[in-house]
There are 2 protein chains.
Amino acid sequence: MSESEFDIIRKYFTDIGQTPEALILGVGDDAAIISSPADQELLIAMDTFNPGVHFPEPTSAYDIGYKALAVNLSDIAAMGGEPKWFTLALALPELEHNWLQEFRRGLSALADRYHLKLIGGDTTKGPLSITIQIAGYAPPHQAIKRSGAQVGDKLYITGTLGDAAVGLELCQQGADKYLSYQQDLIDRLNRPTPRIEVGRALRTIATACIDISDGLAGDLKHLLVASQVGAKLETGSLPISRSLQQQIPVRDEQIQKALYYGDDYELCFTAPANRADDIAAIHLQTGCQISLIGDITPQSTVLIELDSENKITNEGFNHFT
Amino acid sequence: MSESEFDIIRKYFTDIGQTPEALILGVGDDAAIISSPADQELLIAMDTFNPGVHFPEPTSAYDIGYKALAVNLSDIAAMGGEPKWFTLALALPELEHNWLQEFRRGLSALADRYHLKLIGGDTTKGPLSITIQIAGYAPPHQAIKRSGAQVGDKLYITGTLGDAAVGLELCQQGADKYLSYQQDLIDRLNRPTPRIEVGRALRTIATACIDISDGLAGDLKHLLVASQVGAKLETGSLPISRSLQQQIPVRDEQIQKALYYGDDYELCFTAPANRADDIAAIHLQTGCQISLIGDITPQSTVLIELDSENKITNEGFNHFT
């Protein structure tokens with residue numbers, strides 16, 4: 001390998017995404033320079049993305065680039081933010097130009113779509129690992145925290161749940177050819193849709209919001225603990241895609257996937273009961289399915305009450321257990 | 001291991017550093033929220049830090065935490081910035097509480113000293129790797145880029161060069177006990193001093209600046225290429241510490257260390273010849289040694305002319321060769 005880390009950054013990563021109006025200096029100096037917009041708050045999130053943990057080993061370079069940015073965009077979506085720029089720390093076991101080209105294409109696809117710019121980063125030699133820090137903006141006091149849910153609020157979820165979990169099972173089983181609904185599930189795993197438009201529209205409507213990375217049960221728990229409330233979840237209302245229904249016909253098994261498996265990157269949010277019309281309008285405006293799945297209840301020893309069981313016992317996916 | 005990634009962040013990393021006035025929401029939500037100062041530009045740098053590459057394997061957890069933040073602070077120093085906050089992506093092979101405590105102590109020592117706050121991050125299981133993204137501020141148009149050096153400018157360096165390289169050799173050779181000047185050299189490797197105060201003072205004085213991470217020859221080359229100029233370097237003026245002189249008495253060998261070995265995190269900068277008094281004042285004000293080491297010359301095929309040899313042949317440390 002003859003190329004230096006400087007050449008890698010210059011060759012593959014200097015012109016990813018569109019230049020935000022605020023960028024004064026991008027990749028290539030000791031730091032990037034950005035002019036701070038006076039009337040906005042800055043939102044900062046960081047996610048690391050490793051093979052075997054965050055994506056199955058055989059995932060394509062395109063999908064790795066795509067998903068690494070998508071999961072970070074999802075954090076900005078969950079805050080109601082407008083994504084603006086990101087930095088990339090890339091550890092690579094070796095310099096493979098095809099891999100870098102494809103990784104770059106996947107990253108660029110989402111960067112272009114959401115008008116955000118790669119402004120800097122670092123490349124090192126080591127086991128494959130991708131860390132992205134993303135920044136977005138929101139008007140003052142409008143970013144949606146996890147901690148604002150109130151007793152009496154309604155509980156909503158975007159899109160459908162459990163698809164990525166079943167997509168992962170399909171990848172792990174392997175096959176020469178997948179049926180089209182199976183490919184849909186695998187696409188949901190590899191190319192999750194960050195719900196940027198919904199998050200932005202929820203700014204003055206939602207009282208709390210979190211994105212589903214580790215499973216609804218676990219992530220909802222974080223929202224409830226932060227808000228010091230409980231929830232009653234109607235499992236019958238959990239949105240299950242047609243593709244998942246075709247792959248797994250038993251409703252109870254669908255519900256298990258929806259509750260306890262992650263990687264869906266849908267938004268789980270709460271809103272006052274009288275904002276139902278606004279939420280219906282967001283559905284119409286964005287085309288994104290939004291389902292009412294429960295109610296926020298007073299804090300008690302049972303954090304999440306289910307209609308089918310009596311409490312949540314599993315806390316969702318945990319990297320260290 | 002029974003602790004989840006959420007507990008690691010909460011337990012070790014929620015209260016590192018002082019809260020900048022601008023922080024609205026720190027660790028624990030999908031993103032941190034920061035109010036943008038209207039009259040400042042934002043500086044963003046990111047560095048990854050891996051065992052065997054960026055520090056020798058037996059480095060203590062304290063020193064790993066310290067140095068990981070120091071090298072990022074050095075990037076902000078090189079831009080003339082005021083550091084404000086950082087995020088941390090930490091990959092750990094296993095949960096070792098003593099290691100985490102010590103790592104946290106090292107990180108906190110510098111965070112406290114420079115009044116900057118850890119506002120978020122991600123913890124994953126994997127081979128040890130530390131990625132920090134740091135943010136600082138500078139008044140509009142005052143951040144010091146690499147690209148502003150002018151023909152006729154003088155070339156300066158802070159501190160002394162080559163210490164970390166010799167410290168690394170000492171670590172690699174190993175010993176039961178080190179002489180005090182040897183320990184000084186090892187400390188220079190493990191606990192570099194980010195030149196924040198000097199960088200800040202250089203804002204309206206320096207025309208270009210870079211920090212020495214990969215060796216003076218290689219890093220100066222980046223500055224010269226960005227500025228489209230050349231340099232004549234007086235190797236006789238390269239600052240060598242007493243400790244290094246004690247360990248390596250031969251001047252030519254000292255110069256080799258100073259030119260071609262990295263990890264010193266000193267600032268190499270250029271300034272107009274008529275600002276010499278201002279630079280002397282910065283030395284007095286900060287207590288930091290600043291040495292005149294050469295001149296900026298017109299661009300030619302020889303990028304760096306040395307008095308002892310005829311050109312720079314080695315481009316400094318390269319992660320991929």
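About the criteria used
- Residues numbered from 1 in each chain as written.
- Chains lettered and ligands numbered in written order.
- Predicted model: local features only at pLDDT ≥ 70, side-chain atom pairs only at ≥ 80, totals over all residues.
- Heavy atoms only, no water.
- Helix = DSSP H or I, 4+ residues; strand = E, 2+ residues; numbered from the N terminus.
- Buried < 20%, exposed > 50% of the residue type's maximum accessible area, 1.4 Å probe, protein only.
- Contact = heavy atoms within 4.5 Å.
- Areas by Shrake-Rupley, 256 points an atom, 1.4 Å probe, with all protein chains shown as cover.
- Core = buried A, V, L, I, M, F, W, Y, C linked by side-chain atoms within 4.5 Å.
- Salt bridge = Lys/Arg side-chain N within 4 Å of Asp/Glu carboxyl O.
- Pairing = 2+ DSSP bridges.
- Axes fitted to C-alpha atoms, helices over the stretch in contact; angles between N-to-C directions.
- 1 Å grid on protein atoms, 1.4 Å probe; cavity = no way out; pocket = protein on both sides within 12 Å on 5 of 7 lines; lining within 4 Å.
- Points joined across faces, edges and corners; volume = space filled by probe spheres on them.
- Nonpolar A, V, L, I, M, F, W, Y, C, P; charged D, E, K, R; others polar.
- Phe/Tyr/Trp six-rings, centres within 6.5 Å; stacked < 30°, edge-to-face > 60°.
- Lys NZ or Arg CZ within 6 Å of the ring centre and 35° of its normal.
- Parallel < 35°, antiparallel > 145°, perpendicular 65-115°, else oblique.
- Buried area = accessible area lost by both parts, 1.4 Å probe.
- pLDDT = per-residue confidence, 0-100.
- Expected span 1.5 Å × (residues − 1).
- Polar contact = N/O pair within 3.5 Å; in protein donor to acceptor, adjacent residues only side chain to side chain.
- Least-squares fit on C-alpha atoms with pLDDT ≥ 70 in both.
- Disulfide = S-S within 2.5 Å.

1. Overview of the overall build of chain A
Reasoning step 1: A tally of helices and strands in chain A yields ten helices and twelve strands.
Reasoning step 2: For chain A, the proportion of its 321 residues judged to be buried stands at 61%.
Reasoning step 3: Considering only contacts within chain A whose residues lie at least 6 apart along the sequence, 85% involve residues at least 24 apart.
Reasoning step 4: Here chain A displays about 12,300 Å² of accessible surface, and carbon together with sulfur accounts for 46% of that area.

2. Looking at the nonpolar core
Reasoning step 1: Among the nonpolar cores identified, the biggest contains 60 residues, and B:Phe13, B:Leu69, B:Phe86, B:Leu90, B:Phe103 and B:Ile130 are the most heavily contacted of them.
Reasoning step 2: Residue contributions to this core peak at twelve residues, all from helix H2 (residues 61–78) of chain B.

3. Here we look at the pattern of salt bridges
Reasoning step 1: Counted under the stated rule, the structure contains 24 salt bridges over all chains.
Reasoning step 2: Note that B:Arg275 is salt-bridged to B:Asp278, the shortest N-O span being 2.5 Å.
Reasoning step 3: We classify B:Arg275 as partly exposed; its relative accessible area is 24%.
Reasoning step 4: Here the salt bridges share partners, and the residues they tie into one network are A:Asp163, A:Arg188, A:Arg195, A:Asp264 and A:Glu266.

4. Focus: the sheet that holds strand S10 (residues 267–271) of chain A
Residues and elements named next belong to chain A.
Reasoning step 1: In spatial order, the strands read S8-S10-S7-S11-S9-S12; together these six strands make up an open sheet with mixed pairing. In this open sheet, the two edge strands, each paired with only one partner strand, are strand S8 (208–211) and strand S12 (304–306). Direction aside, neighbouring strands of the sheet carry axes that sit 25° apart on average.
Reasoning step 2: Where strand S9 (residues 230–233) lies against strand S11 (residues 290–297), four bridges are found, and the strand directions are antiparallel. In the sheet register, Lys 232 faces S11, and the bridge partner there is Asp 295.

5. Description of empty space enclosed by the protein
Reasoning step 1: For the structure on display, the rule yields three cavities of 30 Å³ or more.
Reasoning step 2: In this structure, the largest cavity occupies an estimated 80 Å³ of space.
Reasoning step 3: Surrounding the largest cavity, 14 residues form its lining, A:Ser129, A:Thr131, B:Thr48, B:Ser129 and B:Thr131 being those nearest its centre.
Reasoning step 4: Secondary structure elements with two or more residues in the lining of the largest cavity: strand S4 (82–92) and strand S6 (129–138) of chain A together with strand S4 (82–92) and strand S6 (129–138) of chain B.
Reasoning step 5: Residue composition of the lining of the largest cavity, grouped by class: six nonpolar, eight polar and no charged.

6. Remarks on the packing of aromatic side chains
Reasoning step 1: Summed over all chains, the structure comprises eight aromatic pairs over all chains.
Reasoning step 2: Note on B:Trp99 and B:Phe103: the rings are 5.0 Å apart at their centroids and 15° apart in plane angle, and the pair reads as stacked. One end of the pair, B:Trp99, and the other, B:Phe103, are both in helix H3 (residues 97–113), four residues apart, so they sit about a helical turn from each other. This pair shows no difference in class: B:Trp99 is buried, exactly as B:Phe103 is.
Reasoning step 3: The ring of A:Tyr261 is capped by A:Lys257, whose NZ or CZ atom sits 4.6 Å from the centre of that ring.

7. Some words on the packing of helix H4 (residues 163–173) of chain A against helix H5 (residues 180–190) of chain A
All names here are of chain A.
Reasoning step 1: Relative orientation of the contacting elements H4 and H5 amounts to 110°, with a least axis distance of 7 Å. With respect to H5, the element H4 is oriented roughly perpendicular. Contacts from Asp 163, Ala 164, Val 166, Gly 167, Leu 168, Leu 170 and Cys 171 in H4 reach Gln 182, Leu 185, Ile 186, Arg 188 and Leu 189 in H5.
Reasoning step 2: Residue classes in the contact of H4 with H5 are distributed as eight nonpolar, two polar and two charged.

8. Re the interface of chain B and chain A
Reasoning step 1: Each partner contributes to the interface: chain B provides 63 residues, whereas chain A provides 62 residues.
Reasoning step 2: Interface area, chain B with chain A, both sides summed: about 5,100 Å², of which 58% is carbon and sulfur.
Reasoning step 3: Here chain B and chain A share two salt bridges between them.
Reasoning step 4: Across the pair B:Asp30 and A:Arg146 runs a salt bridge, and its minimum N-O distance is 3.0 Å.
Reasoning step 5: Element by element, the count of residues in the side of chain B that touches chain A is highest for strand S3 (residues 41–49) of chain B, at eight residues.

9. Quick notes on the confidence of the model for chain A
Low pLDDT means the predicted atomic positions in that stretch should not be read closely.
All names here are of chain A.
Reasoning step 1: For chain A, mean pLDDT is 87; residues scoring 70 or higher make up 88% of the total.
Reasoning step 2: Confidence over residues 313–321 falls short of pLDDT 50; this stretch has 26 contacts with residues more than four positions distant or in other chains.
Reasoning step 3: With pTM at 0.85, the complex prediction returns an ipTM value of 0.79.

10. Quick notes on H3(B)
Each turn of an α-helix holds 3.6 residues, which means side chains three or four residues apart point in the same direction.
Reasoning step 1: The end-to-end C-alpha separation of H3(B) is 24 Å, in line with the 24 Å expected for 17 residues at 1.5 Å each.
Reasoning step 2: Those residues of H3(B) lying buried are B:Trp99, B:Leu100, B:Phe103, B:Arg104, B:Gly106, B:Leu107, B:Ser108, B:Leu110 and B:Ala111.

11. Some words on the side chain of B:His54
Reasoning step 1: Relative to the elements of secondary structure, B:His54 occurs in the loop between S3 and H2.
Reasoning step 2: In this structure the side chain of B:His54 is engaged in a polar contact, spanning 3.4 Å, whose partner is the backbone oxygen of B:Thr48.

12. Description of the relation of the copies chain B and chain A
Reasoning step 1: Mapping chain B onto chain A calls for a rotation angle of 180° and an axial translation of 0.0 Å; the resulting RMSD is 0.0 Å. Put plainly, the chains are arranged around a two-fold axis. Nearest to the rotation axis, the C-alpha of B:Ala38 is located 2.2 Å from it, this being the minimum over chain B.
Reasoning step 2: Of the interface residues in chain B, 98% have counterparts in chain A that sit at the interface too, so the contact is made through matching surfaces.

13. Concerning the state of the cysteines
Reasoning step 1: What the rule picks out here adds up to zero disulfides over all chains.
Reasoning step 2: A disulfide-free cysteine, A:Cys288 has its sulfur positioned 11 Å from the sulfur of A:Cys209, the nearest such atom.

14. Notes on the side chain of B:Lys67
Reasoning step 1: Inspection of the secondary structure puts B:Lys67 in helix H2.
Reasoning step 2: If we ignore the near neighbours within four places in the chain, the residues touching B:Lys67 are B:Phe49, B:His54, B:Leu189, B:Asn190, B:Pro192, B:Asp263 and B:Tyr265.

15. Brief notes about helix H4 (residues 163–173) of chain B
Residues and elements named next belong to chain B.
Reasoning step 1: Looking only at H4, the buried set comprises Asp 163, Ala 164, Ala 165, Val 166, Gly 167 and Leu 170.
Reasoning step 2: For H4, the secondary structure elements touched by its buried residues are helix H5 (180–190), helix H8 (242–247) and helix H9 (251–260).
Reasoning step 3: At the C-terminal side of H4, Gly 174 shows a positive phi close to 75°.

16. Side note on the environment of A:Tyr261
Residues and elements named next belong to chain A.
Reasoning step 1: With respect to the helices and strands, the residue Tyr 261 is situated in the loop between helix H9 (251–260) and S10.
Reasoning step 2: On a C-alpha basis, the gap between Tyr 261 and Gly 294 in space is 19 Å, while along the polypeptide they are 33 residues apart.
Reasoning step 3: Excluding residues that lie within four positions of it along the chain, Tyr 261 makes contacts with Ala 165, Asp 214, Gly 215, Leu 216 and Gln 256.

17. Description of the sheet that holds strand S9 (residues 230–233) of chain B
Residue and element names in this part refer to chain B.
Reasoning step 1: The six strands are arranged S8-S10-S7-S11-S9-S12 in an open sheet whose pairing can be described as mixed. Looking along the sheet, the strands with just one partner apiece sit at the ends: strand S8 (208–211) and strand S12 (304–306). Looking at each pair of strands side by side, their axes are set apart by 25° on average, direction ignored.

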